[in-house]
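# Reading the structure
Residues per chain are reported as follows:
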Amino acid sequence: MTAGLDINKIRADFPILAELIRNKPLVYLDNAASCQKPQAVIDSIVHLYSHDYANVHRGVHTLSVRSTDKFEGARTKVKDFINAASEKEIIFVRGATEAINLVAQTYGKANLKAGDEILITAMEHHSNIVPWQMLCEQTGAILKVAPINLQGELIYDEFEKLISDKTRLVSVVHMSNALGTINPVEKIIAAAHAKNIPVMLDGAQAIPHMAVDVQELDCDFYVFSGHKLYGPSGIGVLYGKQALLEAMPPYQGGGDMIRKVTFEETEYNVLPYKFEAGTPNIADVVGLGAAIDYLNAIGMDKIAAYEAELLDYATEKAKQIKGLRIIGEAEHKGAILSFTLDKIHPHDIGTMLDSLGIAVRAGHHCAMPVMDFFKVPATARASFAMYNTKEEIDVLMKGIESLIEVFG
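Summary of the structure given here. Owing to the predicted nature of the structure, the values given are computational and were not obtained by experimental measurement.

Cut-offs used in this document
Counting restarts for each chain: residues are numbered from 1 in the order of the written sequence. The model is predicted, so local features are restricted to residues of pLDDT at least 70 and side-chain atom pairs to those at 80 or more, both for listing and for counting; the totals for chains, interfaces and linings are taken over all residues. Hydrogens are left out, water is left out, and the side-chain values use all remaining heavy atoms of the structure. In this description a helix means any DSSP run of H or I spanning at least four residues, a strand means any run of E spanning at least two, and both kinds are numbered starting from the N terminus. The rule is simple: take the accessible area with a 1.4 Å probe, protein chains only, and divide by the maximum for that residue type; under 20% is buried, over 50% is exposed, in between is partly exposed. Residue contacts are defined here by distance: any two heavy atoms, one from each residue, within 4.5 Å place the two residues in contact. In short, DSSP must find at least two bridges between two strands for them to pair. With axes taken as lines fitted to C-alpha atoms, and helix axes fitted only over the stretch in contact, angles between N-to-C directions fall between 0 and 180 degrees. Salt bridge, as applied in this entry: a Lys or Arg side-chain nitrogen positioned within 4 Å of an Asp or Glu carboxyl oxygen. In these notes the angle categories are as follows: under 35 degrees is roughly parallel, over 145 is roughly antiparallel, 65 to 115 is roughly perpendicular, and the rest is oblique. Crossing handedness: left-handed means the near helix sits turned counterclockwise from the far one by under a right angle, and right-handed means the same turn made clockwise. Here the term charged refers only to Asp, Glu, Lys and Arg, the term nonpolar to Ala, Val, Leu, Ile, Met, Phe, Trp, Tyr, Cys and Pro, and the term polar to all other amino acids, Gly among them. Working definition of a nonpolar core: buried Ala, Val, Leu, Ile, Met, Phe, Trp, Tyr and Cys residues. They are joined through side-chain atoms within 4.5 Å. Under the convention used throughout, the expected extent of a helix is 1.5 Å for every residue step, that is, one less than its residue count. What counts as a ring pair is set by centres within 6.5 Å for rings of Phe, Tyr and Trp (its six-membered ring), and what kind of pair is set by the plane angle: stacked under 30 degrees, edge-to-face over 60, tilted for all other angles.

## Details of the environment of Val-285
By secondary structure assignment, the location of Val-285 is in helix α10 (residues 282-298). The buried category is assigned to Val-285, whose relative accessible area is 1%. Measuring from C-alpha to C-alpha, the distance between Val-285 and Val-270 comes to 20 Å, with 15 residues separating the pair along the chain. Not counting chain neighbours up to four residues away, the residues in contact with Val-285 comprise Phe-71, Ala-74, Phe-92 and Ile-235.

This is the structure we're talking about:
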């Protein structure tokens, strides 16, 4: 038992962790890109397709009712997991990326005009940069970027100075995927709300690592993806305050997002269905609900405490390796260790570690401006989850040392 977790029991719940990669035990340290799935999630999807599957909302027959109950039951689980005020505030989308695009193209188009400003930070994922650039091209709005320091932290005073009478939206990452930095989102939201500016948080990285309470945070929008939360890919969530969502126009037109259609006009459906056009990703919504059940049974606070132990251990070990540079050393940081090695390209690091059965990510991590700031082409990134162990970190560090020897 570590930090109140039975790690061996948790690992046994994830069938893929028993895989051999190149005849070596898999050491999976690419969790920031996507987490592996517990058997309970896999079983929930198989069971739905084997016993309960039909289209949702439209049918009165037994299978449709069963599917609808499971689908809407998952919405309630998401609502409770992030402590939203109502199921009406939970919109199912393909992932965090689609959620941000939805807000940009509905709330953004309806509320921004030429000369208005959107404020983000220099540590954002491309998903929280490009949709705003597209909106600026469409509306004439201006994208403002708050700087970071060499520890990978937001320079908060500079951020606050950039909030102006022209700022119409603040959109910031809760936890950086490239650096692990956890932003002071409570302060950010309070500062923006003092000027009646809504705030969106990109929670894709934060949600698997810590308890999130959207009412306590008082954010206006919160987005995340299922696949980073031990759930399926192709499903994500947009949380929005009900009054904001009700005022926003639909994102797409089609079935289920309508109440009445004639050739002259269409009356849109109520929340949350107004934003869920067409047949939804039924099975993966159910799988996301199963992932939330699984995490609730373990406890997010216990997961956060254990992963903090892992990060501390990995950071201490990494600092003992000559020629290793950690990229991102924020005081408040999640379970991500990004690094470079002298004279060894990150892609070579990733390839060589794979030969040892170790899965890390190498590249710009969809955060090219972060790489530019640190003057590196890319980093290698080891990212930890609740099923990882200190022994696996030892394997990683031994692998890194062997690389350094090979490259001389």
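Next comes the rest of the description.
## Quick word on the sheet that holds strand β8 (residues 199-202)
Across a sheet, paired strands are connected by hydrogen bonds in the backbone, their directions being either parallel or antiparallel. If you walk across this open sheet you meet the 7 strands as β4-β10-β9-β8-β7-β5-β6, and the pairing is mixed. Two strands in the sheet have a free side with no partner beyond their single neighbour: β4 (90-93) and β6 (142-146). The mean inter-strand angle of the sheet, taken between neighbouring strand axes irrespective of direction, is 20°.

## Structural notes on the pairing of strand β14 (residues 336-341)
With respect to burial, β14 is a largely interior element, 6 of its 6 residues being buried. Residues Ile-336, Ser-338 and Thr-340 of β14 are buried on one face, and the alternating residues Leu-337, Phe-339 and Leu-341, pointing to the opposite face, are buried as well. As defined by bridge partners, strand β13 (residues 324-326) adjoins β14 across 3 bridges and the pair is classed as antiparallel. Bridge assignment links Leu-324 to a residue of β14, and that residue is Leu-341. The pairing of β14 with strand β17 (residues 379-383) spans 4 bridges and is classified as antiparallel. Paired with Ile-336 across the strands is Ser-383, a residue of β17.

## Details of the sheet that holds β17
Strand order across the open sheet formed by 4 strands is β13-β14-β17-β16, with antiparallel pairing between neighbours. Taken across any chain shown, the strands that pair with only one partner, and hence form the sheet edges, are β13 and β16 (361-363). The average angle at which neighbouring strand axes cross in this sheet is 30°, direction not considered. Helix α12 (residues 346-354) rests against β14, β16 and β17 of the sheet, and its axis sits at about 155° to β16.

## Considering the pattern of salt bridges
For the structure shown, the criterion picks out 20 salt bridges. Two residues, Glu-392 and Arg-11, come together in a salt bridge whose shortest N-O distance is 3.2 Å. A residue pair is termed long-range when its members are at least 10 positions apart, and Glu-392 in helix α14 (residues 390-407) and Arg-11 in helix α1 (residues 7-12) qualify at 381 residues. Of the two residues, Glu-392 and Arg-11, neither departs from the other in class, the shared state being buried.

## Digging into the packing of helix α4 (residues 96-111) against helix α5 (residues 130-139)
As a packed pair, α4 and α5 sit with axes 9 Å apart at the nearest point and diverge in direction by 25°. Considering their axes alone, α4 and α5 lie roughly parallel with respect to each other. As for the relative orientation of α4 and α5, their crossing is right-handed in sense. Contacts between α4 and α5 involve Ile-100, Asn-101, Val-103, Ala-104, Gln-105, Gly-108 and Lys-109 on the former and, on the latter, Pro-131, Trp-132, Leu-135 and Gln-138. Across the contact of α4 with α5, the residue classes tally to 6 nonpolar, 4 polar and 1 charged.

## Overview of the packing of helix α2 (residues 39-52) against helix α3 (residues 62-82)
Across the interface, α2 lies against α3 with an axial gap of 10 Å and an inter-helix angle of 160°. As judged from the angle between their axes, α2 and α3 are roughly antiparallel. Note that α2 runs across α3; the crossing there is right-handed. Here His-47, Leu-48, His-51 and Asp-52 of α2 lie close against α3, whose contacting residues are Leu-63, Arg-66, Ser-67 and Lys-70. In the contact of α2 with α3, the residues fall into 2 nonpolar, 3 polar and 3 charged.

## A few points about the nonpolar core
Generally speaking, soluble globular proteins have nonpolar side chains that are buried together. The biggest cluster of nonpolar side chains holds 109 residues, and the ones touching the most others in it are Phe-159, Tyr-222 and Phe-384. It is α10 that contributes the most residues to this core, 11 residues altogether. Excluding residues that lie within four positions of it along the chain, Tyr-222 makes contacts with His-174, Leu-201, Gly-203, Ala-206, Ile-207, Val-212, Val-214, Leu-217, Val-237, Leu-238 and Tyr-239. In this structure, Ile-118, Ile-129, Met-200 and Phe-275 belong to the second largest nonpolar core, which totals 28 residues.

## Observations regarding helix α11 (residues 300-318)
Between its terminal C-alpha atoms α11 stretches 26 Å, which fits the 27 Å expected from 19 residues at 1.5 Å a residue. For α11, every residue scored as buried is listed here: Met-300, Ile-303, Tyr-306, Glu-307, Leu-310, Leu-311, Tyr-313, Ala-314, Thr-315 and Ala-318. Looking at the buried side of α11, the elements it contacts are α1, α3, α10, β13, β14 and α14.

## Comments concerning the packing of aromatic side chains
Here a ring pair, both rings aromatic, is described through the centre-centre distance and the interplanar angle of the planes. Across all of its chains, the model carries 9 aromatic pairs by this definition. Consider the rings of Phe-14 and Tyr-294, whose centres lie 5.8 Å apart with planes at 85°: the pair is edge-to-face. Linking Phe-14 in the loop between α1 and β1 (20-21) with Tyr-294 in helix α10, this pair joins segments that are 280 residues apart in sequence. For Phe-14, a relative accessible area of 1% translates into the label buried.

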